[in-house]
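Residues per chain are reported as follows:
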Amino acid sequence: MKNIFSVIFMNVLGYDLIIFLAAIFTGVVYYALKESADKLYKKMHLTVFVPDGGASKREADSDMSELRETEVVSMRNQTGKLYSVFVNLTGIFPLLGILGTVISLLGMVSDAGNATDNFYGALTSTFWGLVFAIIFKFMDGIISAKIEDNEKTVELYLSRNSKTAGDKSGKEKP
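If you're wondering where the values come from, they're calculated on a predicted model, not measured in any experiment.

**Points about the overall build of the chain**
Within the chain, the secondary structure is distributed over five helices and zero strands. Of the regular secondary structure in the chain, the N- to C-terminal order runs α-α-α-α-α. Looking at the 174 residues of the chain, the share that counts as buried comes to 33%. Counting contacts in the chain only where the partners sit at least 6 residues apart, residues at least 24 apart contribute 82% of the total. With the model as given, the accessible surface of the chain reaches about 10,900 Å², and the carbon-plus-sulfur share is 65%.

**Focus on the side chain of Ser104**
By secondary structure assignment, the location of Ser104 is in helix H4 (residues 69-110). What makes Ser104 buried here is its relative accessible area of 11%. Leaving out residues up to four positions away in the same chain, Ser104 has contacts with Asn118, Gly121 and Ala122.

**Quick word on the nonpolar core**
The nonpolar side chains of soluble globular proteins are, as a tendency, buried together. Core analysis: the largest hydrophobic core is formed by 20 residues, its most contacted members being Ile19, Phe86, Phe93, Phe132 and Phe136. Those elements that provide at least two residues to this core are helix H2 (16-48), H4 and helix H5 (115-168). Ignoring anything within four residues of it in the chain, the contact list for Ile19 reads Phe93, Leu96, Gly97, Ser125, Trp128, Gly129 and Phe132.

**Topic: the environment of Val102**
Assignment of secondary structure puts Val102 in helix H4. Judged by its relative accessible area of 42%, Val102 is partly exposed. On a C-alpha basis, the gap between Val102 and Ser125 in space is 9.3 Å, while along the polypeptide they are 23 residues apart.

**Thoughts on empty space enclosed by the protein**
If you walk through the whole model with that rule in mind, you get one cavity of 30 Å³ or more. Taken as a whole, the largest cavity spans an internal volume of roughly 40 Å³. Contributing to the lining of the largest cavity are Leu40, Arg76, Thr79, Gly80, Ile147, Asn150 and Glu151. Every element with two or more residues in the lining of the largest cavity is listed here: H4 and H5.

**Some remarks on the pattern of salt bridges**
Within the structure shown, the criterion is met by seven salt bridges. Between Lys146 and Asp38 there is a salt bridge, with its nearest N and O atoms 2.6 Å apart. In this pair, Lys146 is assigned in helix H5 and Asp38 in helix H2, connecting sequence segments 108 residues apart. We note a salt bridge from Arg76 to Glu155, for which the minimum N-O separation is 2.5 Å. Of this pair, Arg76 sits in helix H4 while Glu155 sits in helix H5; the two residues are 79 residues apart in sequence, bridging distant segments of the chain. We classify Glu155 as partly exposed; its relative accessible area is 42%. Three or more residues joined by partner-sharing salt bridges are found here, namely Lys34, Asp38 and Lys146.

**Some remarks on H4**
For an α-helix the count is 3.6 residues per turn, leaving residues at separations of three or four pointing the same way. Counted at 1.5 Å a residue, the expected span for H4 with its 42 residues is 62 Å, and the 62 Å between its end C-alpha atoms agrees. Where H4 bends most, at Phe93, the angle is about 30°, and the proline Pro94 comes one to four residues later.

Conventions adopted
Residues numbered from 1 in each chain as written. Predicted model: local features only at pLDDT ≥ 70, side-chain atom pairs only at ≥ 80, totals over all residues. Heavy atoms only, no water. Helix = DSSP H or I, 4+ residues; strand = E, 2+ residues; numbered from the N terminus. Buried < 20%, exposed > 50% of the residue type's maximum accessible area, 1.4 Å probe, protein only. Contact = heavy atoms within 4.5 Å. Areas by Shrake-Rupley, 256 points an atom, 1.4 Å probe, with all protein chains shown as cover. Core = buried A, V, L, I, M, F, W, Y, C linked by side-chain atoms within 4.5 Å. 1 Å grid on protein atoms, 1.4 Å probe; cavity = no way out; pocket = protein on both sides within 12 Å on 5 of 7 lines; lining within 4 Å. Points joined across faces, edges and corners; volume = space filled by probe spheres on them. Salt bridge = Lys/Arg side-chain N within 4 Å of Asp/Glu carboxyl O. Expected span 1.5 Å × (residues − 1). Bend = angle between axes of the 7 residues up to and from the residue.

Right, here's the structure in full:
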């Protein structure tokens, strides 16, 4: 029986390379998503949840005077687009693993003499597809909480902003 590590890494330069490249691309998208979500969080946190006093209140007042509704909506949309791409990329890893398995098993039909290596190749594709699906699903669980918090904060800001604009125009409060 072959060493387990040699079996796992035997197809790295084969079909598994596609899975690794997809994982690298998904990691880059995750990094951009995290940066976008963190930027929006920092921008909105002191704006919506103003502290009681001190330097933090002055900092929040300064941030609020510079904040524009279109900028907030644009940042939220950017984060939403990146999250959508990330979630869709995360969903392809089990499919890539299954596709690698099928490709390897088809190779086994045409080359019965090399059946063992083709079978190992089929298993490694499934293995890597599942490993990356699990890793990115875990990362999705981490980032989705921040994105949901940002959504609520932006909605609160927008609703407060629309009430303030109504008050300034001389309209009665509902």
